Amino acid sequence: MTATVRTRFAPSPTGYMHIGGMRTALFVWLWARHNNGTFILRIDDTDQQRNVEAALAPIFRAFRWLGLNWDEGPDVGGNFGPYYQSQRTHLYQAAVEKLLAEGKAFKDYDSPEQIAADRAVAESAKQQFVNIRRSLELTDAERAQFEAEGRPYVVRFLVPRDQRVAIDDAVRGHVEWDGALMVDPVIMRSNGTVLYNFATVVDDAHMQITHVIRAEEHLTNTAVQALLHQALGNTPPVFAHIPFITAPGSTKKLAKRDIDKLRNSPQLKKMFDRADEVLPQLGLGDSKILNPLMVEYYERLGYLPEGILNALSRLGWSLDDKTEFMTLDTVIQNFTLDRIVKSPAGLDAEKLQSYQQHWMNQLPLEDKVAGCLSFLQQAGLVSQTSDAAIQSTVGQVVTGLADRLRIFSDILDYKEFFVADDALVYDEKAFKQRVVDAPEAVGLLTALREQLATAAAFDAPALDSLVHAFVESQGVKIGQIVHALRVAVTGRAVGIGLFDALAILGRDRCLSRIDRTLRLANRQS
RNA sequence: GGCCCCAUCGUCUAGAGGCCUAGGACAUCGGAUUUUCAGUCCGAGUACUGGGGUUCGAAUCCCCAUGGGGUCACCA
């Protein structure tokens, strides 16, 4: 068996890339790559919206950001195009004609109202509804008359009701359905367009897809699709239905419609809040525009593709009993369908965060600096990213930040290094607690200021010993001065190592900030 | 409701009859380190939905129950 594996992901142009859909796409892509096969991107735009182009942009963007390339599809072409369903109607038409000619489908002249009435009757009798095939009973004369008067009809696939359909799903195993319980599905609307379930079968066969890997909610569709493949004389693909992703703390499918509930869920609230904090600074709106259900959220907030890919890979799949951190290559090497978990998995923000943190820590300093620089620039905090002095400052801050930098936008929490001295905003609470109300803080700060002004060296180790010598000579504890000093120069009670911070800012800026603090404190007391 | 799928720590998972007094990770809770926050290190607790079988032996196989979910469109 040397047949090339061909897989496909078929998004519809919705205007954003759903994180759950991305996980499905990743698995589909992974299976192709694992087998040195072909990954195809096909656009399910049978629904014809006006702005397909714009609605597709975020989807392509997400694939590109994560580095999931496609071998056939929009932009790259391929031998089985076009890759937009809206451009493949001739193939669907031909398939409908074929089924009609072979008596495997029929024109149904029943009105939607009639069908609805039939359904109501069945339901009130507590019986399984299967459509009544009235149009099959039509005489030739009646049929000719309907045809002549142009009576509208849909084309239904004629389900073999005496048959059971079975598939051997690569993750679920043997699944079967009873044809007698199935409704003849509409494959072509009265306006001549075909339905998804049918177009998919035609396309999958035509594009020689070997493995249909998709989310579990399509499992029920598969009965019809398997039957359709059979009727069309296709070699059916292998189906693999992977579990969907559930909302955190829930067992229900993660869905955009529940966005308001998710916003307030304890698990996701932090992520929404972070968006509201960061996005406006970048001029990208807020959490109403980008939320954690969208791949672009992660990109815009400065997550690493490595982190997201790692997290997504581990949602419903594992390499073994211990391995958590994996590069894409490692996952490709080891990705097999039989290791896909059957039950749904919840998206865990904390765990995702931990993958992200791991990969951020792995990143070389220069890459971290470049990433942060880009965010600082977007926020208007630095203007010239090529400026050597700025690069050096960012490098020092990032080094001082060490593990505290989890996502690139975290750098925006350390504005104190990038704002002018007189523009530094003091945290009110910290300022009051550590400077105004702290006993002797102002006096100590004043005394220390003079020593800083004349210090021989202004690097972190030197400052460290200077401050320690200072507290010894003053007979106070170190805690009495460090907090005040930190607030004075950074405006906040928390941050990177104090002496690193002082050194990065340099003598002049530190003194200027201490002076300003002293003035403000005197005014307040 | 019919059909279909699923069921191990709070969460993501390992487990394909004896290696399981159930392993790992995240989270949680202790302790240590630290000028703060974070981190790091050490430690702790927490799970096989229930009931029947099969077997010398079951988290693992079978059946039933229960629970959860998906799907039932001229949407995709």
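Note that the coordinates shown come from a computational prediction; the quantities given were computed from them, not determined experimentally. In this convention, every chain numbers its residues from 1, walking through the sequence in written order. To read the labels, note that chains go from A and ligands from 1, taken in the order they are written. Side-chain atom pairs in this predicted model are given and counted only at pLDDT of 80 or more, local residue features only at pLDDT of at least 70, and totals for whole chains, interfaces and linings cover all residues. By convention in this description, side-chain values take in all heavy atoms of the structure and omit both hydrogens and water.

So, the environment of Phe272
Labels follow the DSSP assignment, with helices taken as runs of H or I lasting at least four residues and strands as runs of E lasting at least two, numbered in each case from the N terminus. Examined against the element boundaries, Phe272 turns out to sit in helix 9 (residues 269–282). Placed 18 residues apart in sequence, Phe272 and Leu290 show a C-alpha to C-alpha distance of 8.8 Å. The contact definition used throughout considers only heavy atoms, calling two residues in contact when any of these lie within 4.5 Å. With residues up to four places along the chain from it excluded, the contact list for Phe272 reads Ile259, Leu262, Arg263, Ser287, Asn291, Pro292 and Tyr297.

Some remarks on the sheet that holds strand 7 (residues 186–188)
In space, the three strands of this open sheet follow the order 3-4-7, with antiparallel pairing throughout. What marks the edges here is a single partner per strand, and that holds for strand 3 (105–108) and strand 7. Each adjacent strand pair in this sheet contributes to an overall mean axis angle of 45 degrees, direction not counted. Relative to strand 4 (residues 154–157), strand 3 runs antiparallel, the two being bridged by four bridges. In the sheet register, Phe106 faces strand 4, and the bridge partner there is Arg156. When DSSP finds at least two bridges between two strands, those strands are taken to pair. In this analysis an axis means a line fitted to C-alpha atoms, helices contributing only their contacting stretch, and an angle means the value between N-to-C directions, from 0 to 180 degrees.

Considering the protein's contact with RNA strand B
Neighbouring RNA strand B are 61 residues, the closest being Arg172, Arg189, Lys252, Asp403 and Arg404. In protein, a polar contact requires one atom able to donate a hydrogen and another able to accept it; more generally it is a pair of N or O atoms within 3.5 Å, and residues adjacent in sequence count only if both atoms are side-chain atoms. Between Arg404 and RNA strand B, the recorded distance is 2.5 Å, taken from a side-chain N or O atom to a base nitrogen. Listed by contribution, the elements that provide at least two residues to the surface near RNA strand B are helix 4 (112–124), strand 4, strand 6 (173–178), strand 11 (345–346), helix 13 (349–362), helix 19 (479–490) and helix 20 (498–524). Looking at the surface near RNA strand B, its residues break down into 19 nonpolar, 17 polar and 25 charged. Residues are classed as near a molecule or strand on a simple rule: at least one heavy atom within 4 Å of it. Amino acid classes used here: Ala, Val, Leu, Ile, Met, Phe, Trp, Tyr, Cys and Pro are nonpolar; Asp, Glu, Lys and Arg are charged; the rest, including Gly, are polar.

Notes on the environment of Arg161
Tracing the backbone through its elements, the reader meets Arg161 in the loop between strand 4 and strand 5 (164–169). Between the C-alpha atom of Arg161 and that of Ile40, which follows or precedes it by 121 residues, the distance is 34 Å. Discounting chain neighbours no more than four positions away, the residues touching Arg161 are Val130, Asn131, Arg133, Gly179, Ala180, Met182 and Asp184.

Regarding the confidence of the model for chain A
Taken as a whole, chain A shows an average pLDDT of 92; of its residues, 99% reach a score of 70 or greater. Taken together, the chains of this predicted complex give a pTM of 0.94 and an interface ipTM of 0.94. Values of pLDDT, the confidence the predictor places in each residue, fall between 0 and 100.

What to know about the pattern of salt bridges
The rule for a salt bridge is simple: a side-chain nitrogen of Lys or Arg has to be within 4 Å of a carboxyl oxygen of Asp or Glu. Under the criterion given, the structure shown has 36 salt bridges. The partner of Asp178 in a salt bridge is Arg164, with the nearest N and O atoms 3.9 Å apart. Here Arg164 lies in strand 5 and Asp178 lies in strand 6, a separation of 14 residues in the sequence. When accessible area is computed with a 1.4 Å probe and restricted to protein chains, residues below 20% of their type maximum are described as buried, those above 50% as exposed, and intermediate ones as partly exposed. Of the residues examined, Asp178 reaches a relative accessible area of 26% and is grouped as partly exposed. The closest approach of N and O atoms between Glu296 and Arg300, which form a salt bridge, is 2.9 Å. Linking Glu296 with Arg300, this pair stays in helix 10 (residues 295–300), spanning four residues, or about one helical turn. The class of Glu296 is partly exposed, set by a relative accessible area of 22%. Connected through salt bridges with shared partners, the residues Arg8, Arg42, Asp44, Arg88, Asp203 and Asp204 form a single ionic network.

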